[in-house]
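Per-entry structural report
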Amino acid sequence: MFPPFDEEAAYAVCLAMHRQLECGALALEQVTPLSEERAGNGVMLGALVATDAAGNEVVLKAASGFSRALVPRFADDAIYVPPLVSPAQIAAALAANDDAIHALTARIDALADGAEKDALLARRLALTQESVARVYALYAFRCADGSLRTLGDICAERCGGRLPPTGTGDCCAPKLLHYAFSHGLTPRSMCEVFYGRNTPHKTNGLRYAPCDDRCGIVLPAMLGLEILYRDRDIIVVNKQSGVLSVPGKVEPDCIASRVRRLFPGCIAQPAVHRLDMETSGLMVLAFTREAHRRLSAQFEAGSVRKEYVALVDGILPARGVPPHGTMELYFRVDLDNRPHQMWDEVHGKKAVTEWRVQDVETYRAPDGSRRRVTRVLFLPHTGRTHQLRLAAADPHGFGVPIVGDTLYGRCAAGERLMLHAQCLRFSHPTTGEEMVFRCAAGF
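The structure reproduced in this document is the subject of the present report. Since we're looking at a predicted model, the values are computed, not measured. (Residues numbered from 1 in each chain as written. Predicted model: local features only at pLDDT ≥ 70, side-chain atom pairs only at ≥ 80, totals over all residues. Heavy atoms only, no water.)

As for the overall build of the protein
If you tally the helices and strands in the protein, you get nine helices and 18 strands. Its C-alpha atoms give the protein principal-axis dimensions of roughly 75 × 65 × 40 Å. The burial tally for the protein puts 47% of its 443 residues in the buried class. If you sum the accessible surface of the protein, you get close to 21500 Å²; carbon and sulfur atoms cover 51% of it. Distance between charge centroids for the protein: 2 Å, based on 50 positive and 50 negative side chains. (Helix = DSSP H or I, 4+ residues; strand = E, 2+ residues; numbered from the N terminus. Buried < 20%, exposed > 50% of the residue type's maximum accessible area, 1.4 Å probe, protein only. Areas by Shrake-Rupley, 256 points an atom, 1.4 Å probe, with all protein chains shown as cover. Lys, Arg positive; Asp, Glu negative; His and termini not counted. Charge placed at Lys NZ, Arg CZ, Asp CG, Glu CD.)

This is the structure in structure tokens:
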């Protein structure tokens, strides 16, 4: 995943930690028995440079995993962050099934292949998964908004409830951010450097971004944002469905406010464009007024290329919809039924939408029922309110709503609007470089 914060100040701290380990001024002490498979493995060294409420700089340090602890040999003003869950807590959680698992292993090793062995293997797997789930139940993360979220809640949202990879929550970044948010600190810089014998995937002394398979699950939930790119001028995020792009009349929480919370130096209104609350996908926001002005000019000129994918609630080819085309529709706000838009060929604003039918597939609803839907690629040439939802649902368009549309269709319990901004192409407001971002839909 992309590093969520600037790395430079924290990188300098990590390099100093690396040197201190080499010369003995800092030690990695083993706090749990060392397993054979972990012998000789390196660790990630992590640092987070933050400020407290008074503006004072605070340096946090951590090592990945829970089996080894960083111990300074000399006085150090930094805070050494412990694991979220102690080795003793993990050992206690595993102990409940430990004897049974070992007994099953002994019986399995004594049997030839066959039905009895398969049954014992299945039983051992179930006990092992039960033990892992018991360990994961111990993990909870303090988030940027002050909430405390369990790993189970996060995985239900981001992994469909599946168990995450082993070690999730033990990387440096979640530990550092959990401590920072628990103590009212504002992160400024965060970085991780590998320490240990070179491996096919990591080199001693080099820095690495937070990992995709573990931190990619936890960090977006902790930060409230899935950050795909960030520099001094702009930030690109994958907006989740159900979150406003900008503050509403009664709801202040939104993508823009979350960006301002994480990056206090940001301008008051960083959003350059908007996605409907129920739509997910790519958004670009600006940190500076000049970046905002230049990006806004690109959107107004129509030079920003956007691609959306949607599941339309029906079989479009069977309705005579061609595989590719462009429609021009005219809509204005329905004054008696806001925020709905209504057809008005005289007073409505022109909305131009190109589409490509990609596939007809089977959709499985939250209640388990199945129906046929059409996957459509939308390429809007204008940026009107509810443009794509109307292109699908209105009789002047396809006449078939997008799945989960609360305004122009129907949305079952547990369902979401199946509309996702999957590609965004624009020129960087400072360098002029062409920036292209892609983010696959979760449906």
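What follows continues from the structure just given.
Structural notes on empty space enclosed by the protein
By the definition in use, this model includes two cavities of 30 Å³ or more. Considering only enclosed or pocket space, the largest cavity measures out at about 50 Å³ in volume. As for the largest cavity, its lining consists of Pro 3, Pro 4, Phe 5, Glu 7, Met 190, Cys 191, Glu 192, Tyr 208 and Pro 210. Taken together, the residues that form the lining of the largest cavity break down as seven nonpolar, no polar and two charged. Contributions of two or more residues to the lining of the second largest cavity are made by strand S12 (305–312) and strand S17 (419–427). Looking at the lining of the second largest cavity, its residues break down into six nonpolar, one polar and two charged. (1 Å grid on protein atoms, 1.4 Å probe; cavity = no way out; pocket = protein on both sides within 12 Å on 5 of 7 lines; lining within 4 Å. Points joined across faces, edges and corners; volume = space filled by probe spheres on them. Nonpolar A, V, L, I, M, F, W, Y, C, P; charged D, E, K, R; others polar.)

As for the nonpolar core
Judged by nonpolar contacts, the single largest core of 86 residues is most densely connected at Leu 60, Leu 177, Val 259, Phe 263, Leu 285, Phe 378 and Phe 398. In this structure, Cys 14, Leu 21, Val 49 and Tyr 195 belong to the second largest nonpolar core, which totals 17 residues. (Core = buried A, V, L, I, M, F, W, Y, C linked by side-chain atoms within 4.5 Å.)

Focus on helix H2 (residues 87–109)
Of all the bends in H2, the largest measures some 45 degrees and sits at Ala 95. The complete set of buried residues in H2 reads Ile 90, Ala 93, Asn 97, Ile 101, Leu 104 and Ile 108. Buried positions along H2 lie against helix H3 (115–136). (Bend = angle between axes of the 7 residues up to and from the residue. Contact = heavy atoms within 4.5 Å.)

Quick word on the sheet that holds strand S8 (residues 186–195)
Here we have four strands laid out as an open sheet, ordered S5-S3-S2-S8, and mixed in their pairing. Of all the strands in the sheet, just strand S5 (79–80) and S8 have a single pairing partner and so form its edges. Bridge analysis of strand S2 (residues 43–51) against S8 gives nine bridges, and the strand direction is antiparallel. Bridging across to S8, Leu 45 finds its partner in Val 193. Where helix H1 (residues 8–23) meets the sheet, its contacts fall on S2, strand S3 (57–63) and S8, and the angle it forms with S8 comes to roughly 40 degrees. (Pairing = 2+ DSSP bridges. Axes fitted to C-alpha atoms, helices over the stretch in contact; angles between N-to-C directions.)

The values are spatial; any link to function lies outside them.
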